[in-house]
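# Observations on the model geometry
Read off the chains here:
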Amino acid sequence: DVFGQMLGLELQSREMVDDQQVITDIYKTGSGKLEFLKAKSKDSSIARFIDKKGSGMHHIALVVDHLQPALDYLQDKGIELIDEKPRIGAEGLKIAFLHPKSTGGVLVELCEKEDK
């Protein structure tokens, strides 16, 4: 991946997330991570995104301590949710997406912090 090479980062893991029809390449940065997505099928949301907009940033991900209370809070504040309940994403994390209509046109993923 060009960003991994450019930033001198090593590929940490590659994972297939079947329910989202995506392959994720994950690079750890020390204080966070970069995930690069590839479509597994022409029908996936990632493939449709690339067909419509070309390659580029798909979404940003933010870590929260407790995902369901965060979703409930945001929904109470009028933020439109794509996922009203958490689901499992890359690295087995609980995730949920906020609709870009409510976040200035940027797709936002919330990820529940890992218990360690």
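This one's a predicted model, so the numbers in the text were calculated from it and none came from an experiment.

### Quick notes on the overall build of the protein chain
Within the protein chain, the secondary structure is distributed over three helices and seven strands. Computed over its C-alpha atoms, the radius of gyration of the protein chain comes to 15 Å, within 12% of the 13 Å expected for a compact globule of 116 residues. Along the first, second and third principal axes, the C-alpha set of the protein chain runs to 40 × 40 × 25 Å. Taken over 116 residues, the protein chain has a buried fraction of 28%. A fraction of 35% describes how many contacts in the protein chain between residues 6 or more apart in sequence connect residues 24 or more apart.

### Examining the nonpolar core
Counting residues in hydrophobic clusters, the biggest one holds 10 residues: Val 64, Leu 67, Ala 70, Leu 71, Leu 74, Leu 81, Ala 96, Leu 98, Val 108 and Leu 110. At the level of elements, helix H3 (67-76), strand E6 (94-98) and strand E7 (108-112) are the ones that each hand at least two residues to this core. With four residues, the single largest contributor to this core is H3. Contact partners of Leu 110, with chain neighbours within four places excluded, come to Leu 62, Val 64, Leu 67, Leu 71, Leu 74, Lys 94, Ile 95, Ala 96 and Leu 98.

### Structural notes on the sheet that holds E6
If you trace the four strands from one edge of the open sheet to the other, you get E4-E7-E6-E5, paired in mixed fashion. Here the strands that pair on one side only, and so sit at the sheet edges, are strand E4 (60-64) and strand E5 (87-88). With five bridges connecting them, E4 and E7 associate as parallel partners. Within the sheet, the bridge partner assigned to Val 63 lies in E7 and is Cys 111. Running at roughly 15 degrees to E6, H3 makes contact with E4, E6 and E7 of the sheet.

### Brief notes about the sheet that holds strand E1 (residues 11-17)
With respect to topology, three strands assemble into an open sheet ordered E1-E2-E3, the strand pairing being antiparallel. Looking at the sheet topology across the chains shown, the edges are occupied by E1 and strand E3 (33-39). Here the strands of the sheet are splayed against their neighbours by 20 degrees on average, with no regard to which way each runs. Note: strand E2 (residues 22-28) against E3, seven bridges, orientation antiparallel. Directly across from Tyr 27, in E3, lies its bridge partner Leu 34.

### Side note on the environment of Lys 33
Position of Lys 33 relative to the elements: it lies in strand E3. Overall, the relative accessible area of 30% leaves Lys 33 in the partly exposed class. Sequence-wise, Lys 33 and Ala 61 are 28 residues apart; in three dimensions their C-alpha atoms are separated by 9.6 Å. Sequence-distant contacts of Lys 33, defined by excluding residues within four places in its chain, comprise Ile 26, Tyr 27, Lys 28, Glu 91 and Leu 93. Separated by 3.3 Å, the side chains of Lys 33 and Glu 35 make a polar contact. A distance of 2.2 Å separates polar atoms of two side chains, one belonging to Lys 33 and the other to Glu 91.

Thresholds, definitions, all that
Residues numbered from 1 in each chain as written. Predicted model: local features only at pLDDT ≥ 70, side-chain atom pairs only at ≥ 80, totals over all residues. Heavy atoms only, no water. Helix = DSSP H or I, 4+ residues; strand = E, 2+ residues; numbered from the N terminus. Rg over C-alpha atoms; globule rule 2.2 N^0.38 Å. Buried < 20%, exposed > 50% of the residue type's maximum accessible area, 1.4 Å probe, protein only. Contact = heavy atoms within 4.5 Å. Core = buried A, V, L, I, M, F, W, Y, C linked by side-chain atoms within 4.5 Å. Pairing = 2+ DSSP bridges. Axes fitted to C-alpha atoms, helices over the stretch in contact; angles between N-to-C directions. Polar contact = N/O pair within 3.5 Å; in protein donor to acceptor, adjacent residues only side chain to side chain.

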